Amino acid sequence: MNSVQGRRTRILAATTATAGLLLVAGCSSDDGGGKTTTAGGVTLVKGGQLTTCTHLPYPPFQSEIDGKVQGFDVSLIDLVAKDLGVKQDFVDTPFENFKTGAFLNSGQCDLAAAGMTITEERKKNVDFSDPYFNATQAVLVDKKSGVNSLAEVKSKGKKLGSQAQTTGEDYAKKQGFDPVSFESSDAVLNGLRSGQVQAVIIDYPVVQGWLKDKANASAFKVVDNLNTGEQYGFTVKKGNTKLLAAINKAIKDAKADGTYKKLYEKWIGPYDAAASASPSAS
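Residues numbered from 1 in each chain as written. Predicted model: local features only at pLDDT ≥ 70, side-chain atom pairs only at ≥ 80, totals over all residues. Heavy atoms only, no water.

1. Points about the overall build of the protein
The secondary structure content of the protein amounts to 12 helices and 16 strands. For the protein, buried positions account for 50% of its 282 residues. Long-range contacts, defined as pairs at least 24 residues apart, comprise 72% of the intrachain contacts of the protein with a sequence gap of at least 6. Summed over all atoms, the accessible surface of the protein reaches about 12200 Å², with 50% contributed by carbon and sulfur. (Helix = DSSP H or I, 4+ residues; strand = E, 2+ residues; numbered from the N terminus. Buried < 20%, exposed > 50% of the residue type's maximum accessible area, 1.4 Å probe, protein only. Contact = heavy atoms within 4.5 Å. Areas by Shrake-Rupley, 256 points an atom, 1.4 Å probe, with all protein chains shown as cover.)

2. Concerning the packing of aromatic side chains
A full pass over the atoms with the stated rule returns 13 aromatic pairs. Arranged with centres 5.5 Å apart and planes meeting at 80°, the rings of Phe72 and Tyr260 form a pair that is edge-to-face. Residue Phe72 is found in helix α2 (residues 72–84), and its partner Tyr260 is found in helix α12 (residues 259–267); the two are separated by 188 residues along the sequence. On the basis of relative accessibility, which here comes to 0%, the residue Phe72 falls in the buried class. The exposure class assigned to Tyr260 is buried, which follows from its relative accessible area of 1%. Taken together through their ring pairs, the aromatic side chains of Tyr58, Phe61, Phe72, Tyr132, Phe133, Tyr232, Phe234, Tyr260 and Tyr264 make up a single cluster. Taking NZ or CZ as reference, Lys154 lies 4.8 Å from the ring centre of Phe177, over its face. (Phe/Tyr/Trp six-rings, centres within 6.5 Å; stacked < 30°, edge-to-face > 60°. Lys NZ or Arg CZ within 6 Å of the ring centre and 35° of its normal.)

3. Considerations on the packing of α2 against helix α11 (residues 241–257)
Interhelical geometry of α2 versus α11 gives an angle of 115° and a closest axis separation of 9 Å. It follows that α2 is roughly perpendicular to α11 by the angle criterion. When the axes of α2 and α11 are compared, the crossing they make is right-handed. Contact residues: α2 offers Leu79, Val80, Asp83 and Leu84, while α11 offers Leu243, Ala246, Ile247, Ala250 and Ala254. (Axes fitted to C-alpha atoms, helices over the stretch in contact; angles between N-to-C directions. Parallel < 35°, antiparallel > 145°, perpendicular 65-115°, else oblique. Left-handed = near helix turned anticlockwise from the far one by under 90°.)

4. A word on the pairing of strand β5 (residues 49–54)
By the criterion of burial, β5 is predominantly enclosed, with six of the six residues buried. Here β5 shows two buried faces, one formed by Gln49, Thr51 and Cys53 and the other by Leu50, Thr52 and Thr54. Where β5 and strand β8 (residues 87–92) come together, six bridges link them in parallel fashion. From the neighbouring strand, Thr51 faces β8, where its bridge partner is Asp89. (Pairing = 2+ DSSP bridges.)

5. Re the packing of α2 against α12
In helix packing, the relevant descriptors are the interaxial angle and the interaxial distance, both defined with respect to the helix axes. Running from N to C, α2 and α12 cross one another at 155°; their axes reach a closest spacing of 9 Å. Viewed along their axes, α2 and α12 adopt a mutual orientation that is roughly antiparallel. As for the relative orientation of α2 and α12, their crossing is right-handed in sense. Within the contact between the two elements, α2 uses Phe72, Ser75, Leu76 and Leu79 and α12 uses Thr259, Tyr260, Leu263, Tyr264 and Trp267. Per-class residue counts for the contact of α2 with α12 are seven nonpolar, two polar and no charged. (Nonpolar A, V, L, I, M, F, W, Y, C, P; charged D, E, K, R; others polar.)

6. What about the state of the cysteines?
Tallied over the entire structure, the rule returns one disulfide. Each sulfur in the disulfide pair Cys53 and Cys109 lies 2.0 Å from the other. Residues Cys53 and Cys109 share a disulfide whose torsion about the S-S bond is about 65°; that sign makes it right-handed. Of this pair, Cys53 sits in strand β5 while Cys109 sits in the loop between α4 (102–105) and β9 (111–112), placing them 56 residues apart in sequence. Residue Cys53 shares its accessibility class with Cys109, and that shared class is buried. (Disulfide = S-S within 2.5 Å.)

7. Structural notes on the environment of Ser149
As for its position among the elements, Ser149 is in the loop between β11 (133–142) and α6 (150–155). With relative accessibility at 17%, the residue Ser149 sits in the buried group. When the C-alpha positions of Ser149 and Val223 are compared, they lie 5.1 Å apart, and in sequence the two are 74 residues distant. The contact partners of Ser149, leaving out residues within four places of it in the chain, are Val223 and Asp224.

Okay, structure coming up:
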């Protein structure tokens, strides 16, 4: 995921909550300070809702579509909200807050869902859920560039772009690149379109989403798919074991009853059980 400097924080209400969720929201109790404890014993920062910190846009995991926040991450956390008897709301915030746990620690969010890779460094500041997605890095190039691999980006002197503060950018730097750093996934794609860069490295599911557009598919091609062993996880404030357990239960249940597969195919693409993250401890 990436970092956007100076983005105005916005609260965006999820519209995916059903009437059934509103009916069972009465299972929560207010502690007098605005916080709510659900029937499952999970304390929430705001009564009647599960507040999710995210960063927009990052399709297919989270983005605004027709004025609504939607995506793979959103759909999975909706399952958690349903189990807790509440609706999901969003806070859009720069990605560095996810890595430090700032918005979790300050009580502005219950959890963070932002297509975030589980790393040992990040575990120092937040607690991760079980992995819910296996991610690879893709190298997408302009078809006119004459580049057919990441190595050729360097050997042919082409410019490589990446998202700021991401594992893809870290990988590029470790390979000896000095990538042009863009603030968002949209900016990465625009950099490729405008010719500012001739190749980009970014999470493969993001590229899959881009290539669904015929204009992108005709102009760009994937030349490398790098298995960096990355897995995504949701995060909570350190020590928030009850919410973490609720998230892990929702992931496990979704995999068991076929919901995960349906959501994967809706938002990501063809489901490959061997490629999907198993609900083991992160």
